Amino acid sequence: MLLVACVRLPPSAEQHWSARYGNSVVGEVFDSISARYLEPVSQSELAQHGLDGLRTIDPSMSFAVDTRALVVSRDGIAQGEVRAPGTNSSEAWSSATVAAIDIARGVSPALREADAEAIFRAVFNGALATLDKFSRYADAATANENRAVRDGFGGIGVTIRIEQDHALVIEVSNHGPAHRAGLQANDRVVAVDGKPVIGWTQRQLVDALRGYIGTPVSLTIERSGSPAMAPVALLREHIVPQTVTLRHDGGLAVIRISSFNQDTAERVHSLIADSLKASIPPAGFVLDMRANPGGLLNRAIEVADLFIDRGQIVSTAGRHRLSMQSYPASPGDVTGGRPVIVLINGNSASAAEVVAAALQDLGRAVLVGTTSYGKGTVQSVIELPNDGELTLTWSRLLAPSGYRLHELGVLPALCTHGGGVTASPENVIDDLRHGNLATADRFALWRDPRPPDMSHRQSLRAVCPADGGLPPSDLEVARALVSDASLYKQALRLSETTLAHR
């Protein structure tokens, strides 16, 4: 519990480069890539691309890596070399890479003056660029921010923006320290712990408000129409960014999920339970995951499991033995079997696609919108000795019906927009009634478990081109489906039929 509650803060100062420090961090990165990456990686190529990344600091440097040696040159003249390992050992190649960096620092003033973090950033960005666009390196400060988004942080529960001579409170989270202290949206924070915020950056403001859980912070507040307030004393608590909201729209409960973090599934469950206790419970639920970029896979699985009482939610497959996983649903549907509509668009990705594919493939929801983004890989996050993070792709996501999500995405049963064209809700519903939907005959092809080539994927996605639109017509279609039980069942059968056929 203590570990969960603590907040990790970035180091107060950059560490200087040393061979020992370099070996600890570079070694961890090379070893992780060797053991966990989705595909086998040549360590010599990893070293070559990593060393080439140093050219972003000093373009006069060049590096040649072959089976004999790692040769370091400046302005085309060889300055030294390191014997190349005779194996694909990650430990040997990371040591050779660090030795080559030391030679380069000895002849390059720019590299010699660069701190350790700048060197790590250059080498890792160069090495990871050749893998895939989702594998990446984050320095200590960025990694700390990533952890805050995923797991929460020590804070006071406000969304706040720095202005010219004050900080403006945009939103106050319910039940947090700021809410209990009486802070309101549009309050102006003029000082933190007695220090005026004038001239501060947004980063300085965030760093001042965040800290270890249980530690105090004092805010000096100004409020329109009120006399100057005395400093407000607060104690920081564990704050997890809110990713879920619910609003009622007629007989619908519209649940907006913006991303998936530690609290997402619990929050969805709580909001559904509260809505069902109302004097007039909703007739159906809408999960709005348009523009949801994803997040934690386990929380997405838990969200899908809230609506599904049997079947496989998702499976993963990779090279590492621990990447081969299957996630079955547990009994129970928290909505009591009420209709569920899922809204997606071209910016719905990753964990959002897991939920959408599971609810559609298992016949639990009707998908409305456009084809999703198609980010169907899982990333493992490795904490590094410098307090940074390595995010590494290590498995592929497979929908319950067996197709790969990556670069294909999820096809909605009802396509409402795409390619710059938005269909009217009336036309979409009319096409459904008369069996004229262009998506109807694509599900069998979409669910082919054999990975399609690029041209085939593009032709499949063209039936409902992905875009990032948020048309109100999506919700109008959802209303029409929930208000007509036979129409809703007809839409569900669009995907059920092809799955049963397979």
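Residues numbered from 1 in each chain as written. Predicted model: local features only at pLDDT ≥ 70, side-chain atom pairs only at ≥ 80, totals over all residues. Heavy atoms only, no water.

## Quick notes on the pattern of salt bridges
So the rule is basically this: Only one rule defines a salt bridge in this text: a Lys or Arg side-chain nitrogen within 4 Å of an Asp or Glu carboxyl oxygen. Runs of H or I in DSSP of at least four residues are treated as helices and runs of E of at least two as strands, each being numbered from the N terminus. When a residue's accessible area, from a 1.4 Å probe over protein chains only, is under 20% of the maximum for its type it is buried; when over 50% it is exposed; and in between it is partly exposed.
In the structure shown here, the tally under the stated rule is 25 salt bridges. R121 is the partner of D139 in a salt bridge, and the nearest nitrogen-oxygen pair spans 3.4 Å. In this pair, D139 is assigned in the loop between β4 (136–138) and α7 (140–151) and R121 in helix α6 (residues 116–128), connecting sequence segments 18 residues apart. Taking relative accessible area as the criterion, D139 reaches 17% and is therefore assigned buried.

## Observations regarding helix α3 (residues 43–52)
Note on helix geometry: an α-helix contains 3.6 residues per turn, so any two residues three or four positions apart are oriented the same way. Note the cut-off: The contact criterion used throughout is that any non-hydrogen atoms of two residues lie within 4.5 Å.
Here α3 has its buried residues at Q43, L46, A47, Q48, G50 and L51. Looking at the buried residues of α3, the elements they touch are α2 (19–36), β1 (61–65), β2 (69–74), α4 (90–107) and α6.

## Observations concerning the state of the cysteines
What counts, and what does not: Disulfide: a pair of cysteine sulfur atoms within 2.5 Å of each other.
One pass over the full model with this rule turns up 1 disulfide. Here C415 pairs with C464 through a disulfide, and the sulfurs are 2.1 Å apart. Its torsion about the S-S bond being 90°, the disulfide of C415 and C464 is classed as right-handed. Of this pair, C415 sits in strand β22 (residues 414–415) while C464 sits in the loop between α15 (454–461) and α16 (473–483), and the two are 49 residues apart along the sequence. Exposure remark for C415: the relative accessible area of 23% places this residue in the partly exposed category. By relative accessible area, C464 is classed as buried at 0%.

## Considering the packing of α2 against α6
Spelled out, the test is: Orientation is described by axes fitted as lines to C-alpha atoms, over the contacting stretch for helices, and by angles from 0 to 180 degrees between their N-to-C directions. We call two directions roughly parallel when the angle between them is under 35 degrees, roughly antiparallel when it is over 145, roughly perpendicular when it lies between 65 and 115, and oblique otherwise. Helix crossings are classified by the rotation of the near helix relative to the far one: an anticlockwise turn of less than a right angle makes the crossing left-handed, while a clockwise turn makes it right-handed. Throughout this entry, Asp, Glu, Lys and Arg are counted as charged residues, while Ala, Val, Leu, Ile, Met, Phe, Trp, Tyr, Cys and Pro are counted as nonpolar. The remaining residues, Gly among them, count as polar.
Packing of α2 against α6 leaves a shortest axis separation of 11 Å and a crossing angle of 20°. With respect to each other, α2 and α6 are oriented roughly parallel. For the pair α2 and α6, the sense of crossing is right-handed. From α2, Y21, G22, V25, V26, V29 and I33 reach across to α6, where they touch A116, F120, F124 and L128. Classifying every residue of the contact of α2 with α6 gives 9 nonpolar, 1 polar and no charged.

## Details of the confidence of the model for the protein chain
Defined as follows: Confidence of the predictor at the level of single residues is captured by pLDDT, which takes values from 0 to 100.
Per-residue pLDDT for the protein chain averages 91, and the proportion of residues at 70 or more is 96%. Confidence drops under a pLDDT of 50 for residues 1–13, and excluding neighbours within four residues, the segment shows 22 contacts in the predicted structure.

## Focus: the pairing of strand β15 (residues 284–288)
For a regular strand, side chains alternate in direction, first toward one face of the sheet and then toward the other. Rule in force here: Being paired, for any two strands, means DSSP has found at least two bridges between them. The path from the first strand over the helix to the second decides the hand: if it runs clockwise while the strands point away from the viewer, the crossover is right-handed.
Among the 5 residues that make up β15, 5 are buried, leaving the element largely enclosed by the rest of the structure. By the alternation rule, side chains of β15 split into G284, V286 and D288 and F285 and L287, which are all buried. Where strand β14 (residues 252–257) lies against β15, 5 bridges are found, and the strand directions are parallel. What sits directly across from I255, in β15, is L287. Read from β14 through helix α10 (residues 264–276) to β15, the crossover connection turns out right-handed. Pairing analysis gives 4 bridges linking β15 to strand β18 (residues 340–344), with the strands arranged parallel. In the strand pairing of β18, D288 is matched with L343.

## A short note on the sheet that holds β1
Ordered by their spatial adjacency, 3 strands build an open sheet running β1-β2-β3, and the pairing between neighbours is antiparallel. Looking at strand neighbours, the two that pair on one side only are β1 and β3 (77–83), the edges of this open sheet. The mean inter-strand angle of the sheet, taken between neighbouring strand axes irrespective of direction, is 20°. With 6 bridges connecting them, β2 and β3 associate as antiparallel partners. Within the sheet, the bridge partner assigned to V71 lies in β3 and is E81. Where α3 meets the sheet, its contacts fall on β1 and β2, and the angle it forms with β1 comes to roughly 175°. Set on the sheet, α4 makes contact with β1, β2 and β3; between it and β3 the angle comes to about 155°.

## What about the packing of α3 against α6?
Here α3 crosses α6 at 130°, and the two axes come no closer than 6 Å. With respect to α6, the element α3 is oriented oblique. In the packing of α3 onto α6, the handedness of the crossing is right-handed. Between α3, through L46, H49 and G50, and α6, the contact on the second element is made entirely by A122, V123, G126 and A127.

## A look at the sheet that holds strand β19 (residues 366–369)
Sheets are built from strands paired through backbone hydrogen bonds, the pairs being either parallel or antiparallel. Spatially, β13-β14-β15-β18-β19-β22 is the arrangement adopted by the 6 strands of the open sheet, whose pairing is mixed. The open sheet has two free edges, formed respectively by β13 (244–249) and β22, since each of these has just one partner strand. Relative to β19, β18 runs parallel, the two sharing 4 bridges. Residue pairing across strands places V342 opposite L367, the latter belonging to β19. Relative to the sheet, helix α12 (residues 351–361) contacts β15, β18 and β19, its axis offset from that of β18 by approximately 140°.

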